[in-house]
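Here are the chains, one letter per residue:
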Amino acid sequence: MADQGLYQTQTQKLAIGPQMQQSLQILQAPTLELRQIIQQEIEINPVLELESPDVSLDDAVPDDPDDRDGGDRDELDVISQMDEEWREYWAQSRMQTTNRSAEDQERWQFLMDSIVAPTTLQEHLVTQLRTAEINDPLLVRNVEFLIGSLDDRGFLNASVEDMSLHQSIPIDDLHAAKAVLMSFDPVGVGSDDLRECLLVQLERLGKKHSLAHRLVDQYLEDLANKRYPILARKLGVPLEQVSRAADFISTLDPRPASRFNPSSNNYVSPDIIVERLGGEWVPVMNNDDLPNLRLSNAYKDLLGQASSSGEVRNYIRDKIRSGKFLIRSIHQRQQTIHKIAIQILAHQQEFLEKGTSFLRPLNMAQVADEVGVHETTVSRAISGKYMATPHGVYELKFFFSHGVKTDSGEDLSNTSVKNAIADLIKTETKAKPLSDDKLAKLLDKQGIKVARRTVAKYREALGILPSHLRKSFS
């Protein structure tokens, strides 16, 4: 039997201090989150101040002849140096912005001025309710209740029966309210499920007695799986009629609330704007959404005064150190992102000139080595950060992908392979769509060697159905 007892062992463990944790948090935070961090720091640290980018930092500290505390004077010298670095960074940033052409500046301003708050589905429906001629306050309240019970598809998140039971509302009253709601735009809103949503749209189009209506009403599962020959036999109609009816059904909206989905209206403010300056593509940091911080001169003066008590001086010294570290961390964050952007552009020149099909493989280890940081630093720095390019706004992660070798020995990114797959499917014969195996063979003829299972994975990532569900029978 093994001897049991208490033993003391020595191990090494890396502990990350509070300041290092804050530095990592600032590096990883998207701009919106960083603004919140800065606001929180301003609220708890009176030494921090916001200033206009047009106001230069005052690093002058009065030389008090009675101040014999050399430590405080040394610290003020360090703060002044740090302020100078911060001022230089903002000056360079403003210079890059000023160097934009008049056309670039006008386009950027138009983009910023075009951002409007999107109307929600609930706001859209309540507006219709207010303009409807309904004189029954109870009916209005019940319709409002149903509007508040819609999911992100525009469907009711529970059945009328369940809502009647749990809310103690007469079921007939809820049915009346649902009828009003389903008369509103978008057509199909307030439905219980996909079947009812599609049926309402067909009925509104005068197709209540059509083959399409019957397919949705009785055979929705077979329809979804494109079992057209089986449906033709069940209904005793030609296969072409089933195919045409299915094509018509595919034009209906399965998610009435989709155009009100906030995700489709989100505007991403890019952290970096790629511009052509002097014939070269360069990354310009977008600091428009980033507050400009400085250390309060009033508190720096207090620190330099011998008349201040030791307790006051210690308090100010602690707050100044915290503020200094915050400002330096933000400065380093911006510099790191900018250096990474420079390396991305260096590797993705063909993408900038020709588009996404020419994206090249790039891994974080490469960029980390070129920037002189650890790979995890690159990972944190690109998280939630965006770059505005000539071909659209992309998250920085978009530019990092593995790739495959072509027959010519070139490296091709996964994104480029996906684009090649999408292009092949766009031109396929709809009556005989390309299988994953066939796609792999066609890619091989283009010099791109990928396995069938890899093709399947990329196709699914593109949101493209397998060949038997893409088949058209018309």
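None of the values given here were measured: they were computed from a predicted structure.

Our focus in this paragraph is helix 19 (residues 375-382). Here helix 19 has its buried residues at Val378, Ala381 and Ile382. Projected down its long axis, helix 19 shows its buried positions confined to an angular sector of 85 degrees, all on one face. Buried positions along helix 19 lie against helix 1 (18-28), helix 16 (310-347), helix 18 (364-371) and strand 6 (392-395). Phi for glycine 384, located one or two positions after helix 19, is positive at around 70 degrees.

The next subject is the sheet that holds strand 5 (residues 386-389). Spatially, 3-2-5-6 is the arrangement adopted by the four strands of the open sheet, whose pairing is mixed. Edge positions in the sheet fall to strand 3 (280-285) and strand 6, since each of these pairs with one other strand and no more. Neighbour to neighbour, the strand axes of the sheet diverge by 30 degrees on average, direction disregarded. The sheet contact formed by strand 5 and strand 6 spans four bridges and is antiparallel. Looking across to strand 6, one finds that tyrosine 386 is bridged to glutamate 395. Together, strand 2 (272-277), strand 3 and strand 5 form the strand contacts of helix 16, whose direction differs from that of strand 3 by roughly 160 degrees.

So, on to the side chain of serine 149. Looking at the element boundaries, serine 149 is found in the loop between helix 6 (137-147) and helix 7 (160-167). Owing to a relative accessible area of 7%, serine 149 belongs among the buried residues under this scheme. Excluding residues within four positions of it along the chain, serine 149 makes contact with Phe155, Leu156, Asn157 and Met163.

The next thing to look at is the pattern of salt bridges. By the definition in use, this model includes 16 salt bridges. Taking the shortest distance from any N to any O, the salt bridge between aspartate 222 and lysine 234 comes out at 2.9 Å. Here aspartate 222 is found in helix 11 (residues 220-224), whereas its partner lysine 234 is found in helix 12 (residues 228-235), with 12 residues between them in sequence. Residue arginine 459 is joined to aspartate 436 by a salt bridge in which the shortest nitrogen-to-oxygen separation is 2.8 Å. Taken together, the residues arginine 459 in helix 22 (residues 452-461) and aspartate 436 in helix 21 (residues 436-445) connect sequence positions 23 residues apart. In this structure, arginine 459 and aspartate 436 share a single accessibility class: buried.

Quick notes on the rules
- Residues numbered from 1 in each chain as written.
- Predicted model: local features only at pLDDT ≥ 70, side-chain atom pairs only at ≥ 80, totals over all residues.
- Heavy atoms only, no water.
- Buried < 20%, exposed > 50% of the residue type's maximum accessible area, 1.4 Å probe, protein only.
- Helix = DSSP H or I, 4+ residues; strand = E, 2+ residues; numbered from the N terminus.
- Arc of directions from axis to C-beta.
- Contact = heavy atoms within 4.5 Å.
- Pairing = 2+ DSSP bridges.
- Axes fitted to C-alpha atoms, helices over the stretch in contact; angles between N-to-C directions.
- Salt bridge = Lys/Arg side-chain N within 4 Å of Asp/Glu carboxyl O.

What is shown is where atoms sit, not what they do.
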